[in-house]
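Take a look at the letters that make up each chain.
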Amino acid sequence: MQIEEVKGANKEQRVATHSHIRGLGLKADGTAEPVAAGFVGQESAREAAGIVTDLIRSKRFAGRAVLLAGAPGTGKTAIAYAISQELGPRVPFCPMTGSEVYSSEVKKTEVLMENFRRAISLRVKEVKEVYEGEVTEITPEEAENPLGGYSKTVSNVVIGLKTAKGTKQLRLDPSIYESLLKEKVSTGDVIYIEANTGSVKRVGRSDAYATEYDLEADEYVPLPKGDVHKKREVIQDVTLHDLDVANARPQGGQDIVSMMSQLMKPRKTEITDKMRAEINKAVNKYVEQGTAELVPGVLFLDEVHMLDIECFTYLNRALESDISPIVVLASNRGMCTIRGTEDMRAPHGIPRDLLDRMLIVRTVPYTQSEIQIILDIRAKTEGLNLAPAALEYAAEVGVKSSLRYAIQLLTPANVMAQISGREEIQKEDMAEAGELFFDAKKSVAILQSSGSNFL
């Protein structure tokens, strides 16, 4: 076997549309920096999002809605993504688009409620009794097989655990011995055993057995402190949708009829309102007892104008429920007809009664200098070298066409530069990429001039 030294450990990460967004880029007093955390401009919208984020953290904004309204390419989705970055991984963030509600299997309102429940987390605090320490001995005690024959079975297992404070000898059930074998526990390993369930977890090898070898196959951990038998607080996060799915799973019998009926059922079944009401009662009971904490997260509903009048009516009711998340909506439409109606026109394609429940945050189009800064940040995120003249030309393209089109030209222009033997993207590379790939305005102009040639 040949072992070679690793020259570099740089991981290549996939670059998504909003990989450069790391937060809202706000100061300590809540005002927005002109350029910070990958964000450029949109100061008033970011400051409003910062207030919403503070309200979410203080749990004073549950059951309310925020609408991000603005033209395409003005950073609405980026602001929603920045809110999730500010809240951190412990607060659930559930993104979806308006067209996701349309399915031939599940009702539209059911899809909406599923995502509502995904955006609400239940944080359960549980105190577990555990036995933790370094294994000093594992002695299985055998007995005669009750089924007869010459073989013997393990009746119990004696295990010795040692910590910095003392040692303890335990007599365990034979089923726990099987768990010890599965975890490949041996003398000198640090393990912990849950007193209630009997589950065994191997933490690692005790550092007392660490040697001077250059290569080690095991992870060494220090000897646990305190007593062998101790209480440990375990915090688990579970969404309400996970509880719904766990309780909705049918518990059929083992006979052939029930097994066939389970196979014939559709894979995605709807969860009834009655079951959700029972789960809500149990959740409220745990919250009142202090064993659990309800964490309302964020449901981001992009392209909200794609919802129809039935979904909007359901949203009104869902926002009024006792357990509901913060709903952030985004739309790039002006005055348009509400889907599902023939002549009902409304701002952003949303009924006026639902608009009255929202705080509306406006995003404005970017200026040429802001587009230039955004393109520079984006080029650095994608690892591209952009010449100053090429950057200015790309900003001009962003003003004439759109910011998204200018960003999309960066990677083809980099390929053009590499073909020409350059590591830096020049202005002519951007121009050549623009001739190969049309933007929406140029494509519309071609259709209008030569529309008769198309079907």
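The preceding data block contains the structure.
Residue positions are counted from 1 within each chain, in the order its sequence is given. pLDDT decides what is reported in this predicted model: residues at 70 or higher carry local features, side-chain atom pairs at 80 or more are listed and counted, and totals for whole chains, interfaces and linings draw on all residues regardless. Note that water and hydrogens are dropped before the side-chain values are worked out from all heavy atoms of the structure.

## Examining the packing of aromatic side chains
Here a pair means two rings of Phe, Tyr or Trp (six-membered ring of Trp) with centres within 6.5 Å. Their orientation is stacked below 30 degrees between planes, edge-to-face above 60, and tilted elsewhere. A complete count under the given rule lists 1 aromatic pair for this structure. Judged by centre distance (6.5 Å) and plane angle (15 degrees), the rings of F93 and F300 are stacked. Taken together, the residues F93 in strand β4 (residues 93–97) and F300 in strand β13 (residues 298–302) connect sequence positions 207 residues apart. Taking relative accessible area as the criterion, F93 reaches 25% and is therefore assigned partly exposed. A run of H or I in DSSP counts as a helix once it spans at least four residues, and a run of E counts as a strand once it spans at least two, with each numbered from the N terminus. Relative accessibility under 20% of the residue-type maximum defines a buried residue, over 50% an exposed one, and the middle range a partly exposed one, all with a 1.4 Å probe and only protein chains included.

## Here's the deal with the pattern of salt bridges
One side-chain nitrogen of Lys or Arg within 4 Å of one carboxyl oxygen of Asp or Glu is enough to make a salt bridge. According to the stated counting rule, one finds 20 salt bridges in the structure shown. With a closest N to O distance of 2.9 Å, R171 and E141 form a salt bridge. With R171 in strand β7 (residues 167–172) and E141 in strand β5 (residues 120–144), this pair connects stretches of sequence that are 30 residues apart. For R171, a relative accessible area of 58% puts it in the exposed group. For the salt bridge of R202 with D189, the shortest nitrogen-to-oxygen distance reads 3.0 Å. Here the residue R202 occupies a position in strand β9 (residues 200–206), and D189 occupies one in strand β8 (residues 189–194), the gap between them amounting to 13 residues. Salt bridges sharing partners connect three or more residues here, namely E110, R117, D244, D273 and R276.

## Focus on the sheet that holds strand β17 (residues 358–362)
Here, any two strands with at least 2 DSSP bridges between them count as paired. Pairing within the open sheet is parallel, and its 5 strands lie in the order β4-β13-β14-β3-β17. What marks the edges here is a single partner per strand, and that holds for β4 and β17. Taken over all neighbouring pairs, the strand axes of this sheet differ in orientation by 20 degrees on average, direction set aside. Direction of pairing for β4 relative to β13: parallel, over a ladder of 5 bridges. The residue bridging C94 from the neighbouring strand is L299, located in β13. Here an axis means a line fitted to C-alpha atoms, over the contact stretch when the element is a helix, while the angle between two N-to-C directions is reported on a 0 to 180 degree scale.

## Observations concerning unusual backbone geometry
Here the phi dihedral of Q42 falls at roughly 55 degrees; this positive angle occurs in a residue that is not glycine. Mapped onto the fold, Q42 is located in the loop between β2 (39–40) and α1 (43–57). Although it is not a glycine, E303 adopts a positive phi angle of roughly 50 degrees. By the element assignment, E303 lies in the loop between β13 and α8 (309–319). Its relative accessible area of 28% is what places E303 among the partly exposed residues.

## Regarding the side chain of R276
Its place among the elements puts R276 in helix α7 (residues 273–289). Not counting residues within four places of it along the chain, the set of residues in contact with R276 comprises E110, M113, E114, R117, D244 and I271. Note on contacts: a residue pair qualifies if any of its non-hydrogen atoms lie within 4.5 Å across the two residues.

## Observations concerning the pairing of strand β3 (residues 65–69)
Consecutive side chains along a regular strand alternate between the two faces of the sheet. Of all 5 residues that make up β3, 5 are buried, and the element is covered over most of its length. Both faces of β3 are covered, namely the face carrying A65, L67 and A69 and the face carrying V66 and L68. Inspection of the sheet shows β3 paired to strand β14 (residues 326–331) by 5 bridges, in the parallel sense. Paired with A69 across the two strands is S331, which belongs to β14. Sheet analysis places β3 next to β17, joined by 5 bridges and oriented parallel. Counted as the bridge partner of A69 is R362 from β17.

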